[in-house]
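Spelled out, the chains give:
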Amino acid sequence: YVYNDANGTLASVKRGEGRTLFKLITADEFRAMKESFPHHKEMLRSLGSVRYCKAEPYRDHIWGTLRIPNKNEARLPQVCLLFYMTAQELIIEDSGELKPWVKSQLPKLNNASTPELLLLQFMQLAVENDILYLSHIEKELDVMEDSLLTDIPDDFFGVLTRHRRKLSELNAYYEQLTAMSDMIASLDAPAPIAAAEQWSRFSMQTERLESHVHLLQENVIQLRELYQAQLDAKQNKVMCILTVVTTLFLPLSLLTGWYGMNFANMPELHWRYAYPCVIAITVAIIVFEIIYFK
C-alpha cells in the first residue's frame, strides 16, 4: 500500500501512486526475506505462536505481535499477527484474515500518513466496537440475574463459566494493549515515534475498557455467589421436605414394628375392629403432625 502525500490517501500499489507505507506479507514471504530484518530469530520464534500483544523497541525499528480475541460484536475475527515498523514503513505478517478487512477499512486509514499513525489507527479500529460487545455481555448477565429470581436454569453455570473465561481473556488483552501503548508513547528519538499524544489517548481508551471488564468480572462473581445461595436454598428446602416426611412416618414405623412382632398373647390380633382402629389412629397421627409442623 502506498500513501499519496498530495491528496492524503492510502491505496494499493495497483490503484495509486506514492511512497510505500504499508506491506502485508505472508509467513512464507517473511521467512524468505528474514535476513533483511534485524533480530529475525526472535521474530521467527514469535511467528509460530502469537499468544499476546507486545512491542519490542530498538534504535531504528519496533517489532511486536498482536493477538486480537474473537468478539461477536466486532468486525475482526480472531487475528494473530506480527508487525515490524520503521520510520518509513509498516510491515505486517498476515496469514490471510487481515487482507479483506484492510481493504474494507482503507477510507478510515487515509489520515495515517506515517507508519506509527497507521499502526495506531489499526489498533483503534480493532477496539472501536468493543464497548458494544461489553454492553452485550452486561445485558446477558442482567438476564441471567433475573432468571435466578424465578428458577435456576439448567445451563446457568456453564454459560457463566464461558463469560468468565471471555472476560479474563479480554482483561489480559486490554492490559497488554495499555502496556504496549504506554511503552510506545514513552519512546524518544531516534525511535520512529512522533505520535506520543495519540498513543497516550489510546492507552486511556484501553484503560477504560479494562475498567469496564473489571466491573463485569465483579458482576460474574456476584452472580456466582447468588447462584450458590439459590442452590443452597433449594437444597435446604429439599432437606426440609425429606425431614418432614421422615418425621411423619416415624410413628407409623413404630406401629408396624409393634404389631409385626406376632406375639401369641396380643389381644388386638383377634379383635374384630383392630384393623380399622389402627388405620384411624394412623390418620389421626398424620393429621396432628401436619397441623403441628404447619
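Look a little higher up for the structure.
Residues numbered from 1 in each chain as written. Predicted model: local features only at pLDDT ≥ 70, side-chain atom pairs only at ≥ 80, totals over all residues. Heavy atoms only, no water.

Trainee: Would you mind showing me how to read the environment of S12 here?
Mentor: By secondary structure assignment, the location of S12 is in the loop between β2 (9–11) and β3 (19–20). Along the primary structure S12 and S36 are separated by 24 residues, whereas in three dimensions their C-alpha atoms are 23 Å apart. With residues up to four places along the chain from it excluded, the contact list for S12 reads Y1 and V2. (Helix = DSSP H or I, 4+ residues; strand = E, 2+ residues; numbered from the N terminus. Contact = heavy atoms within 4.5 Å.)

Trainee: Even after reading the chapter, I still don't get the sheet that holds strand β6 (residues 62–68), so can you show me in this structure?
Mentor: On the basis of which strands lie adjacent, the open sheet formed by five strands has the order β4-β8-β7-β6-β5 and mixed pairing. Only two strands of the sheet have a single neighbouring strand rather than two, namely β4 (22–25) and β5 (54–57). In this sheet, neighbouring strand axes are inclined to one another by 15° on average, regardless of whether the strands run parallel or antiparallel. Sheet analysis places β6 next to strand β7 (residues 79–85), joined by seven bridges and oriented antiparallel. Bridge pairing in β7 links L66 to L81. Its contacts with the sheet place helix α4 (residues 115–126) against β4, β6, β7 and β8 (90–93), and it is angled at close to 165° to β7. (Pairing = 2+ DSSP bridges. Axes fitted to C-alpha atoms, helices over the stretch in contact; angles between N-to-C directions.)

Trainee: Just checking my understanding: could you explain the pairing of β8 for this structure?
Mentor: Successive residues of a regular strand alternate their side chains across the two faces of the sheet. Burial along β8 is two-sided: L90 and I92 and I91 and E93, pointing in opposite directions, are all buried. Direction of pairing for β4 relative to β8: parallel, over a ladder of four bridges. Looking across to β8, one finds that F22 is bridged to L90. Here β7 runs beside β8; their pairing, made up of four bridges, is antiparallel. Directly across from F83, in β8, lies its bridge partner I92. Counting the residues that bridge the hairpin from β7 to β8 gives four residues. (Buried < 20%, exposed > 50% of the residue type's maximum accessible area, 1.4 Å probe, protein only.)

Trainee: Would you mind going over the packing of helix α7 (residues 196–259) against helix α8 (residues 274–293) with me for this structure?
Mentor: Packed helix pairs are characterised by how far apart their axes lie and by the angle those axes make with each other. Two numbers describe how α7 lies on α8: the axes approach to 10 Å, and their chain directions differ by 155°. Between α7 and α8, the crossing angle belongs to the class labelled roughly antiparallel. When you trace α7 past α8, the crossing you get is right-handed. Together, V244, T247, L248, P251, L252 and L255 of α7 and I281, T282, I285, I286, E289, I290 and F293 of α8 make up the contact between the two elements. The residue inventory of the contact of α7 with α8, partitioned by class, reads 10 nonpolar, two polar and one charged. (Parallel < 35°, antiparallel > 145°, perpendicular 65-115°, else oblique. Left-handed = near helix turned anticlockwise from the far one by under 90°. Nonpolar A, V, L, I, M, F, W, Y, C, P; charged D, E, K, R; others polar.)

Trainee: I keep staring at α7 and nothing clicks. Help me out?
Mentor: Over its 64 residues, α7 extends 94 Å from the first C-alpha to the last, a length consistent with the 94 Å expected when each residue adds 1.5 Å. If you look at α7, its biggest bend is around 30°, right at L250, and the proline P251 turns up within four residues after that. (Expected span 1.5 Å × (residues − 1). Bend = angle between axes of the 7 residues up to and from the residue.)

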